[in-house]
Every structure is written in C-alpha cells, then in structure tokens.
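Spelled out from the first residue to the last, the chains are:
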Amino acid sequence: MSDTSVLRPVPGGFAVALGAGGARGLAHIVLIEALDDLGIKPAAIAGSSMGAFVGAAWAAGMRGRDIRQHALARLRNRTGALGRVMRARVGRFTDLLGGQLGNPILVDGEILLDMFWPDVVPDRFEQLEIPFLCVATDYFGGKEIVFDSGPLAPAVAASIAIPGLLKPVETNGTFLIDGGILTPLPWRTLAGRASFILACDVTGSPGAKEKTAPSPIEALLGSSQIMQGALVRNQLRDNPPDLLLRPAVDRFRALDFFRAAAILEAAAPMRDEIKRGIERLTAAS
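Definitions and limits used
Residues numbered from 1 in each chain as written. Predicted model: local features only at pLDDT ≥ 70, side-chain atom pairs only at ≥ 80, totals over all residues. Heavy atoms only, no water. Salt bridge = Lys/Arg side-chain N within 4 Å of Asp/Glu carboxyl O. Helix = DSSP H or I, 4+ residues; strand = E, 2+ residues; numbered from the N terminus. Buried < 20%, exposed > 50% of the residue type's maximum accessible area, 1.4 Å probe, protein only. Axes fitted to C-alpha atoms, helices over the stretch in contact; angles between N-to-C directions. Parallel < 35°, antiparallel > 145°, perpendicular 65-115°, else oblique. Left-handed = near helix turned anticlockwise from the far one by under 90°. Contact = heavy atoms within 4.5 Å. Nonpolar A, V, L, I, M, F, W, Y, C, P; charged D, E, K, R; others polar. Core = buried A, V, L, I, M, F, W, Y, C linked by side-chain atoms within 4.5 Å. pLDDT = per-residue confidence, 0-100. Patch = residues over 30% accessible without salt bridge, like charges linked within 9 Å, V, L, I, M, F, W, Y side chains within 5 Å. Areas by Shrake-Rupley, 256 points an atom, 1.4 Å probe, with all protein chains shown as cover. Pairing = 2+ DSSP bridges. Right-handed = clockwise from strand over helix to strand, strands pointing away.

## Points about the pattern of salt bridges
At step 1: The full count for this structure, using the stated rule, is nine salt bridges.
At step 2: The salt bridge involving Asp-108 is made with Lys-167; its shortest N-O contact spans 3.3 Å. Residue Asp-108 is located in the loop between helix H5 (93–97) and helix H6 (109–116), and its partner Lys-167 is located in the loop between helix H7 (152–159) and strand S5 (169–171); the two are separated by 59 residues in the primary sequence.
At step 3: By relative accessible area, Asp-108 is classed as buried at 11%.
At step 4: Assessed through its relative accessible area of 31%, Lys-167 is described here as partly exposed.

Pasting the structure below:
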C-alpha cells in the first residue's frame, strides 16, 4: 500500500538518474521500490551502464518488487546464469591458440540482454511507459551519446559495453561503449525534464577490503570504478541533483552479481532516506 499521506503532487514531478556500478547497480531496485511505496511515477528516467539495464525495465512499467523477483530468480542458479553468459560469448579461445589478438571472453550485449531481460521490456523506446534516456559513449569521438528513440536493445547494449568484457556496439559507423566512461551518473542528462531530479550513485571505490592483489579482471573494473567515482565527484561540484542517494554497497565488487540478495539488503536503509528527501522536496515546492 502506498504511503502518500505526507506528500503532495509536484508540478513537473520527479526525474530519476540511475548510474553505473556493475552489480552494485542492483541497489537501484530499492530506490524503485521506495518510489512505488510513495506512489511516485517518474516523469523521466536516465540510465548509464547498469543503470540503463535496470532503468529500461522500470521504464517498461515494471514495479520494483517485480524487478527484484526477476533479478533474484535469474541469479539464483549460478551455473545457469554463467551458461547464459557463455552462450552470449562472441570471442573464441582458438584466437589465443592461433596467436590472434581476439578476446576469448568478449560477450555480445544484445544477446545477453535477450537472455536476462524480463519479457515485458519492449523492442523500442517509443513503446516504453515512461520516457527513458540511455547514455553510451562514442569511442572514437570521445563524447556522450544519448538515446531516447528507436530500437532499445542496441542502445542499452552499448550503455553496458564495459571495455574488455562486452563488445562495442556499432551504429551508423560509430562504435559505442559503456556509458559510465564519461557519464557514470546521468542526472545532467535529465535537465529540464522535471521539477526535481533524484540520482543514485553506486560508483564508489573498488570494494572488497581483502589485502590481496586483484585479479586482472578485478584490476580492470576496479580502476574503472575509481575513475568513475572521481568523475562523479567532480561533476557534482556544479549543479548537483536535488536528491543524491548513495546506498552502502561499496564493499561489493563490480561482478558480485551472485550476491544480489546481499546487495539489496545493504541498500535497504536507503528507503527511509528517499522518503525523507521526497518529503523535504515536496514541502519546499
């Protein structure tokens, strides 16, 4: 049951930015659930990297509890989930054996989305229930690219295309990679879309405090998280969002998807923070 007794409608409403962070981005589900409880439907959603993956399902009309159930069900069977990832692989181990420079673990993001996305997510932006902006990075142009129309899967596949893990997406001669490279938290993408902008930052530090050397993959992803965190801090100095949320998920690694339940539990205290923040914003409007 929605608790809207202390809230009043805000002209222009709220827009929500969901950021990059790998498995930590599962914490976005708690934000969605909290807004569902408050009876708030965003005027627009912007997503970058994992935020785009979750944001598209939300924009399709799914409630937070349904996204939670879907995520936990998909990630409950480790063997099955890893099997799906392997079937989405486009690199070949024979590339290494033959002295080639191919990446044997490279994954096709569009195939991965087809395997892990809920069936209710449509083919096109125009079929979504909530306006959705998906952020990717133009590799050669070194600039942000924002999608809000046309085919949905290629745009989100580009947004989640972590270099070295997921293959770039080519569109009209442009090669697109992870939106988190330039825009790890896309609140500025939502300028003018609503009266208030909420943003959920899950970049943080590399996570996992064990004093052991990181594996090559962990070093790659952890270095990216360090850079993304610094980029967000720098961007926040100018025109920050009206409500900035930072769930306590720093201890999780970028690929800790099989710790989904623990990530959601760690993010749970954010519910009260969201309610207090929304009450403050609505009272001031």
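Moving on from the coordinates now.
## Considerations on the packing of helix H1 (residues 28–37) against helix H2 (residues 50–59)
At step 1: The contact between H1 and H2 brings their axes to 10 Å, and the two run at 30°. With respect to each other, H1 and H2 are oriented roughly parallel. The handedness of the crossing between H1 and H2 comes out as right-handed. Here His-28, Ile-29, Leu-31, Ile-32 and Leu-35 of H1 lie close against H2, whose contacting residues are Gly-51, Val-54 and Trp-58.
At step 2: Of the residues in the contact of H1 with H2, the class split is six nonpolar, two polar and no charged.

## Quick notes on the nonpolar core
At step 1: Membership of the largest hydrophobic core comes to 75 residues, with the highest contact counts inside it found for Leu-31, Leu-35, Trp-58, Phe-132, Leu-152, Val-156 and Ile-274.
At step 2: Broken down by element, this core gets its largest block of residues, eight residues, from H2.
At step 3: Those residues within four positions of Leu-152 in sequence are excluded, and the remaining contacts are Ala-56, Trp-117, Val-121, Pro-122, Asp-123, Arg-124, Phe-125, Leu-128 and Phe-132.
At step 4: Ala-46, Leu-185, Ala-194 and Ile-197 belong to the second-largest nonpolar core, a separate cluster that totals 13 residues.

## Side note on the environment of Ser-223
At step 1: Within the secondary structure layout, Ser-223 lies in helix H8 (residues 216–235).
At step 2: For the pair Ser-223 and Ser-205, spaced 18 residues apart in sequence, the C-alpha separation works out to 8.9 Å.

## Thoughts on the packing of H2 against H7
At step 1: Between H2 and H7, the least distance of the axes is 7 Å, while the angle of their chain directions is 150°. Taken as axis vectors, H2 and H7 run roughly antiparallel relative to one another. The handedness of the crossing between H2 and H7 comes out as left-handed. From H2, Ala-52, Phe-53 and Ala-56 reach across to H7, where they touch Leu-152, Val-156 and Ser-159.
At step 2: Its residues assigned to classes, the contact of H2 with H7 comprises five nonpolar, one polar and no charged.

## Some words on the confidence of the model for the protein
At step 1: Here the protein shows a mean pLDDT of 89. Residues at 70 or above account for 89%.
At step 2: Contacts from residues 1–6, a stretch scored under 50 in pLDDT, to residues over four places away or in other chains number twelve contacts.
At step 3: Across residues 92–102, confidence stays below pLDDT 50; counting only partners more than four residues off in sequence or on other chains, it has seven contacts.

## Digging into a nonpolar patch on the surface
At step 1: On the surface, a cluster of nonpolar side chains totalling about 370 Å² of accessible area is made up of Tyr-139, Phe-140 and Phe-175.
At step 2: When you line up the elements, Phe-175 lands in strand S6 (residues 174–177).

## Things to note about the pairing of strand S1 (residues 14–18)
At step 1: With respect to burial, S1 is a largely interior element, five of its five residues being buried.
At step 2: Neither face of S1 is exposed, since Phe-14, Val-16 and Leu-18 on one face and Ala-15 and Ala-17 on the opposite face are all buried.
At step 3: The pairing of S1 with strand S7 (residues 196–200) spans five bridges and is parallel. The residue bridging Leu-18 from the neighbouring strand is Cys-200, located in S7.
At step 4: Relative to strand S2 (residues 44–48), S1 runs parallel, the two being bridged by four bridges. Note on S2: the bridge partner recorded for Ala-17 is Ala-46.
At step 5: Once the chain exits S1 it traverses H1 before rejoining the sheet at S2, and the crossover so formed is right-handed.

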